[in-house]
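Examination of the molecular architecture
Below, each chain spelled out in residue letters.
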There are 4 protein chains.
Amino acid sequence: MNSRKWDTPQPRKLPRQTRASNTIEAVLEAAVQILIAEGTRGLTTTRVAKRSGFAVGTLYQYFANKDELIDMLVHRHLNHVVACAQIACSDQNGANLGDMITAVADAFFAANIEKARDVRAIHLAWMRIERSELFCEAFARLRDTTTSMFASSPQLDSVHIDTIAHKLVSMLIGTIRAIFEQGMDEALTTGTREQIVNVHCLYHPTDASLDTAVSTAH
Amino acid sequence: MNSRKWDTPQPRKLPRQTRASNTIEAVLEAAVQILIAEGTRGLTTTRVAKRSGFAVGTLYQYFANKDELIDMLVHRHLNHVVACAQIACSDQNGANLGDMITAVADAFFAANIEKARDVRAIHLAWMRIERSELFCEAFARLRDTTTSMFASSPQLDSVHIDTIAHKLVSMLIGTIRAIFEQGMDEALTTGTREQIVNVHCLYHPTDASLDTAVSTAH
Amino acid sequence: MNSRKWDTPQPRKLPRQTRASNTIEAVLEAAVQILIAEGTRGLTTTRVAKRSGFAVGTLYQYFANKDELIDMLVHRHLNHVVACAQIACSDQNGANLGDMITAVADAFFAANIEKARDVRAIHLAWMRIERSELFCEAFARLRDTTTSMFASSPQLDSVHIDTIAHKLVSMLIGTIRAIFEQGMDEALTTGTREQIVNVHCLYHPTDASLDTAVSTAH
Amino acid sequence: MNSRKWDTPQPRKLPRQTRASNTIEAVLEAAVQILIAEGTRGLTTTRVAKRSGFAVGTLYQYFANKDELIDMLVHRHLNHVVACAQIACSDQNGANLGDMITAVADAFFAANIEKARDVRAIHLAWMRIERSELFCEAFARLRDTTTSMFASSPQLDSVHIDTIAHKLVSMLIGTIRAIFEQGMDEALTTGTREQIVNVHCLYHPTDASLDTAVSTAH
DNA sequence: AATGAATGAGTATTCATTCAT
DNA sequence: CATGAATGAATACTCATTCAT
């Protein structure tokens, strides 16, 4: 009857785990909110703590220092985006070039749009820490994934794979950056997506799709 | 006799002006040096003053506050770049589309490469102040200039002018940003330049240059 | 059946006692280890708790606060040393002056050397709490014990007893402090011991015991 | 007539110098006061600043950090004491051993007693920073000075000079420490002084009463 | 009793800005 | 105009202590 105690077999670990992850979540969410609402300048540990509903000390129980907090913010998002792109890639193994590019681009954009708020926050946070490694590493992972996907396509001669992968990925990232930095409007976003798809078709001039790409461009 | 003072019509103002601009120049230069050498975190008013050879107080005689100093840094460069682009544009009035694009792109890149050190510094400074207006405004001016240049071309139907101008400018800016942020290597840079030129040719599919573009792409 | 509880007569108290003292022991030992390894600055309650294998909360079940923990550390050692000296004193009742001094000094040094690690730790801890009472009190006890030992000697006229006792004890303590603070080398230590024995004989120069003292010294 | 401006030839450098050293003086004095009044625990940069009558920022214009402030406190005093001892030493060149020892000991004690308040403060501060180098270095300087003074005496065979110097200096320091740490009373102090002088006479074997003692001492 | 997450007052330190000289 | 000492609000981070579980 006074059951709860007996029903759950492993009550010890889970609460801790949950409490901790709740706290972390709350802190990160608070950081995002503040970044969006007040910009980088407003992002002080005290304010993050206060908004998260926890004390400063608690924040420091989970993050060694402010930079690490921001790092985690960046990391989380980049990992998410890369993961989404990787799934899209593996779904397209053996498909034709156009589909591949479209799929990756769409997955990439979707992952970013879906967490638009975080992306904006990350972009702001990004500046304070001066560690582009995080971005570079994510960039590399994305490029590698894309490269191996392209490798599964009989359409592409191996000479171009690397170049195309590099271009694709840098355009994807560049676009995202532009969107959230300069606040381009949706329309532009869509246009950019098409452009990305088209541009890469240039690298396969024998493909019939080139004509289509060009004609749909305007 | 003790002539000099009376010979020149405006003796009081000019020297001051000169002194002032010397000071401003020295301060801005110091800021650039520090930004490059020590990053955003090292950019303190005291340090800028010391490196400039003036006292902090003097710095505040010419800049209302730190942000204004950075603003001026950004402004100066953006104005320079836009001015260069504008000259290129006016030189191409009535030329054909390909030449126009090439000219603007080249002028734009040249202006940035020429002051590469400043661009790097500005990119770092950029982060601390959160005023994208400056960039947006420069972006707009560049786009307008390009648009009116395009308008002088009989090749382009007015429907596409806006789109192409926008694309061109955003690609230019995006590229510059990428170069200085991710440190892309020269080779890539060159590739990007070609890409820019080519991509825009897509918008004029009937033009013979498309084929060339494609064939030079690889 | 579920016997254990009922079989032993005082089951509740003893286990606790034992557990308690185990905990206390573990905590104090942890404090010593940390003091030696990381210095005063590293001595935080959390760290002591963690190293002791218990939780912070548990630590606070046995010590009202951090200072009390350090107090206990100091107390324990001082009590030990004084106790050793007292035993030596009572063993020397009625002996001659030289033997008395030698015995106390040796007992004192032995007790400190034996727990050299603790002494070092205590010295570091000593600084944070500002309660010289502890030391003063131990000093007084030591002096009193020594005084009454000397009083049992027919050799000494009462005039000098207090002075000699005071000197002896302060030299003992001073020496220990010097050894652990300045890390004097063994040779010096030995020299000091001899000096202590000799110096005190100075106060009774005409006394025949001087010779004895000197000869027993090595 | 409106003279002041013209009377003083070098008005620029001095005011600065004076202002600066005044500030430093005020800050150090404030630190001493606080240490004496409130102990090590009360010594916070903010409080020191407040009591000195300056702002925290000013404090940090002269001391890189809290530890450096304390360092300077310690340094200043040690330098003073060593300097006093050195003067005493040079005054005794060629004198006899007894006078030498007496002179150094007296100079040493005088220098400490004279600044008793500082010494107390330093003793408290001493503990927070864990840099015995300062003391060791002062100790070494004192010993070297004493050694060379002894070397000027024809009375002493070179074998003993080092030992005596070392003993003398370590007793001096030990005594001072004891006085200010355990708060020994004046009477004791005097006694100690005599003891120091006497002890070292042991090393002067011409004294009849001490032959035995001396021979066992080494 | 034991736990360890949460607390938050307290501390060192920085840096944009002012102002008396 | 120039100076640079002085300012002090703001910030990151610590750690002794509590308390719900």
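Each chain carries its own residue numbering, running from 1 in the direction its sequence is written. Lettering for chains starts from A, numbering for ligands starts from 1, and both go in the order in which the items are written. Where totals are concerned, whole chains, interfaces and linings use all residues; where local detail is concerned, this predicted model gives features only for residues with pLDDT of at least 70, and gives and counts side-chain atom pairs only at 80 or more. Excluding hydrogens and water, the side-chain values take into account all heavy atoms of the structure.

In the nomenclature of an unreviewed UniProt entry, chain A corresponds to TetR/AcrR family transcriptional regulator from the organism Paraburkholderia sabiae.

What follows covers the domain arrangement of chain A. Many authors give the size of an interface as the accessible area that is lost as the parts come together. Residues and elements named next belong to chain A. As annotated, the domain borders come from an automatic or database domain assignment. Parsing chain A into structural domains produces domain 1 (9-64) and domain 2 (73-218). Taken together, the ten residues of domain 1 in the interface contact nine residues of domain 2. A quick way to say it: buried area is the sum, across both parts, of accessible area lost when two parts are put together, with a 1.4 Å probe. Taking both sides of the interface into account, the surface hidden between domain 1 and domain 2 amounts to around 910 Å²; carbon and sulfur atoms contribute 69%. Across the pair Arg76 and Glu25 runs a salt bridge, and its minimum N-O distance is 3.0 Å. N or O atoms closer than or at 3.5 Å make up a polar contact, with two conditions inside protein: a donor-capable atom paired with an acceptor-capable one, and, for residues adjacent in sequence, both atoms drawn from side chains. Connecting domain 1 to domain 2 are three residue pairs in polar contact (both at pLDDT 80 or more). Lys, Arg, Asp and Glu make up the charged group, whereas Ala, Val, Leu, Ile, Met, Phe, Trp, Tyr, Cys and Pro make up the nonpolar group; the residues left over, Gly among them, are polar. In terms of residue class, the side of domain 1 that touches domain 2 is made up of five nonpolar, three polar and two charged. In what follows, a contact means two residues having at least one pair of non-hydrogen atoms within 4.5 Å. The salt bridge criterion pairs a side-chain nitrogen of Lys or Arg with a carboxyl oxygen of Asp or Glu, the two atoms within 4 Å.

Turning our attention to helix α3 (residues 45-52) of chain C. Residues and elements named next belong to chain C. A simple rule labels every residue: compare its accessible area, found with a 1.4 Å probe on the protein chains alone, to the largest value its type can have, and call it buried under 20%, exposed over 50%, or partly exposed in between. Strands are runs of DSSP state E lasting at least two residues, helices are runs of H or I lasting at least four, and both sets are numbered from the N terminus onward. Turning to α3, its buried residues number three or more, namely Thr45, Val48, Ala49 and Ser52. When α3 is viewed along its axis, its buried side chains cluster within an angular range of 100 degrees and face the same direction. Remark: Gly53 follows α3 within two positions and exhibits a positive phi of approximately 90 degrees. The arc in question is formed by the directions pointing from the helix axis toward the C-beta atoms.

Residue and element names in this part refer to chain C. In this analysis an axis means a line fitted to C-alpha atoms, helices contributing only their contacting stretch, and an angle means the value between N-to-C directions, from 0 to 180 degrees. Remark: helix α6 (residues 97-114) packs on helix α8 (residues 133-151), axes separated minimally by 11 Å, with the N-to-C direction vectors making an angle of 155 degrees. The angle between α6 and α8 falls in the class roughly antiparallel. Judged by the twist between their axes, the crossing of α6 over α8 is right-handed. Note on element contacts: α8 touches α6 through Leu142, Met149 and Phe150, opposite Leu97, Met100, Ile101, Val104 and Phe108. Split by residue class, the contact of α6 with α8 holds eight nonpolar, no polar and no charged. Our angle categories are set so that under 35 degrees counts as roughly parallel, over 145 as roughly antiparallel, 65 to 115 as roughly perpendicular, and the remainder as oblique. What makes a crossing left-handed is the near helix being turned counterclockwise from the far one by less than a right angle; a clockwise turn instead makes it right-handed.

On to the pattern of salt bridges, then. With the rule as written, the count across this model stands at 28 salt bridges over all chains. Across the pair Arg47(C) and Glu38(C) runs a salt bridge, and its minimum N-O distance is 2.8 Å. Judged by its relative accessible area of 36%, Arg47(C) falls in the partly exposed class. One salt bridge connects Glu29(D) with Arg117(D), and the closest N-O pair in it is separated by 3.1 Å. With Glu29(D) in helix α2 (residues 13-38) and Arg117(D) in helix α7 (residues 116-128), the pair connects residues that are 88 residues apart, well separated along the chain. For Arg117(D), a relative accessible area of 38% puts it in the partly exposed group. One salt-bridge network, held together by shared partners, links Glu29(A), Arg117(A) and Asp118(A).

Attention now goes to the confidence of the model for chain A. Residues and elements named next belong to chain A. Note on scores: pLDDT gives the predictor's confidence for each residue, bounded by 0 and 100. Residues of chain A with pLDDT of at least 70 account for 69%, and the chain-wide mean is 77. Note on residues 1-15: pLDDT under 50 across the span, and zero contacts to partners over four residues away in sequence or across chains. The low-confidence segment residues 204-218, where pLDDT is below 50, has 18 contacts with residues more than four positions distant or belonging to other chains.

What follows covers the protein's contact with DNA strand E. Inspection of the region around DNA strand E gives 33 residues, with Gly57(A), Tyr62(A), Lys66(B), Thr58(C) and Tyr60(D) positioned closest. Whether a residue is near a molecule or strand depends on its heavy atoms: it is near if one of them lies within 4 Å of it. Sugar and phosphate atoms represent 70% of those atoms of DNA strand E found within 4 Å of the protein. Between Thr45(B) and DNA strand E, the recorded distance is 2.8 Å, taken from a backbone N or O atom to a phosphate oxygen. Ala55(C) is positioned such that a nitrogen or oxygen atom in its backbone is 3.3 Å from a phosphate oxygen of DNA strand E. Ranked by residues supplied to the surface near DNA strand E, first place goes to helix α4 (residues 56-62) of chain C with five residues. Taken together, the residues that form the surface near DNA strand E break down as 13 nonpolar, 14 polar and six charged.

Here we come to the packing of aromatic side chains. All names here are of chain C. Pairing of aromatic rings covers Phe, Tyr and the six-membered ring of Trp, with a centre-to-centre limit of 6.5 Å; geometry is then stacked below 30 degrees between planes, edge-to-face above 60, and tilted otherwise. Throughout the structure, instances matching the rule amount to four aromatic pairs over all chains. Relative to Phe109, the ring of Phe108 has its centre 6.0 Å away and its plane inclined at 70 degrees; by these criteria the two rings are edge-to-face. Using a relative accessible area of 5% as the deciding quantity, one classes Phe108 as buried. The buried category is assigned to Phe109, whose relative accessible area is 10%.

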